[in-house]
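A structural walkthrough
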Amino acid sequence: MNVINLKNRTVGSQYVATEILKQVISKPNAVLGLATGNTMIEVYKTLAALLNVNQIDLSNVVTFNLDEYVGLSAEHNQSYRVYMNAHLFNHNQTWNNKNIYLPVGDAPNIELESELYEQRLGEIGSADIQILGIGENGHIGFNEPYSSFESVTRVVDLTPSTINANSQHFENIEDVPKQAISMGLSSIMKAKRIILLAFGKNKQQAIKALLEGEVSEALPASILHKHPNVEVIIDDEIFTSLIEDGTL
Ligand code: GLP
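Below you will find a few notes about this structure.

The rules we used
Residues numbered from 1 in each chain as written. Predicted model: local features only at pLDDT ≥ 70, side-chain atom pairs only at ≥ 80, totals over all residues. Heavy atoms only, no water. Near = heavy atom within 4 Å. Polar contact = N/O pair within 3.5 Å; in protein donor to acceptor, adjacent residues only side chain to side chain. 1 Å grid on protein atoms, 1.4 Å probe; cavity = no way out; pocket = protein on both sides within 12 Å on 5 of 7 lines; lining within 4 Å. Sits in = over half its atoms within 2 Å of the grid points. Pairing = 2+ DSSP bridges. Helix = DSSP H or I, 4+ residues; strand = E, 2+ residues; numbered from the N terminus. Contact = heavy atoms within 4.5 Å. Axes fitted to C-alpha atoms, helices over the stretch in contact; angles between N-to-C directions.

Turning to the site of the ligand, a few remarks are in order. Taken together, the neighbourhood of the ligand is formed by Gly-37, Asn-38, Thr-39, Asp-67, Tyr-80, Gly-133, Ile-134, His-139, Gly-141, Phe-142, Asn-166 and Lys-203. Between an oxygen atom of the ligand and a main-chain N or O atom of Ile-134, the distance comes to 3.4 Å. The side chain of Asn-166 places a nitrogen or oxygen atom 3.3 Å from an oxygen atom of the ligand. Here the ligand occupies the largest pocket.

Taken in spatial order, the seven strands make up an open sheet running S1-S10-S9-S6-S2-S3-S5, and their pairing is parallel. The open sheet terminates on both sides in strands that have one partner only, identified here as strand S1 (2–5) and strand S5 (100–101). Taken together, the four bridges between strand S2 (residues 31–34) and strand S3 (residues 62–65) define a ladder with parallel strand orientation. Each residue of the ladder has a partner; that of Leu-32, found in S3, is Thr-63. The sheet contacts of helix H7 (residues 204–212) involve S1, strand S9 (194–198) and strand S10 (230–234), and relative to S10 the element is tilted by about 145 degrees. Contacting S1, S9 and S10, helix H8 (residues 236–244) runs over the sheet at an angle of about 100 degrees to S10.

Moving on: unusual backbone geometry. One non-glycine residue with positive phi stands out, namely Lys-7, at about 75 degrees. You can see Lys-7 is positioned in the loop between S1 and helix H1 (9–26). Positioned with a positive phi, Gln-55 is a non-glycine residue whose angle comes to about 50 degrees. Checked against the element boundaries, Gln-55 lands in the loop between helix H2 (38–53) and S3.

Okay, here's the thing in structure tokens:
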């Protein structure tokens, strides 16, 4: 696991966007594992601009997202589908809707939807690059603490900490869905290369716990220690705190 301080969100986002750009240039049918959350907004803004500037044909690029809230339709303004369209897919004309995968949060049978999603991932093959944010409690995707390292795509219950963190996007905390469909930890680990990004004070504890190195289901992100190609991109604020407390 390589830890890289890229100073701030802007430079970190430019790095990740550039890595994705290079990937789709070198492999026009690249498979990208995508994430949502505030962390990714600047990544997608930069990426969308770079894709346009380079006039990249994205029609053969395949993307799949980590997760979606249960109960939200693809049109709901807080669905991850709407987020992805708003921040990335609407900005380039050549994305091919047939190659864009997100779980359907309001599928009539969410267990079946989860199974089919995992099946589709198997058919598509592993992601060339999987990008990840991290929850304050160390979750990746919506794999909350004590998710099995063997887990695949399934319906998960969100913890109060995650509901609280994500309530900033909803009018009332009661409106935050209590469940999500999330790719599992073993599904995420299939990616060839993983880049995790964390910026700002509220991610310090999660990154500290991750870098302390104990691999435990109590900290879902710690599974990444078992992966051969992981970069953790942090900013100066997190880096400095890790130096000060002796983690690095
Ligand atoms: C959500 C998403 C995760 C994301 C995390 C952090 O719970 N399911 O994929 O990494 O939040 O989000 P943010 O970047 O907004 O801090």
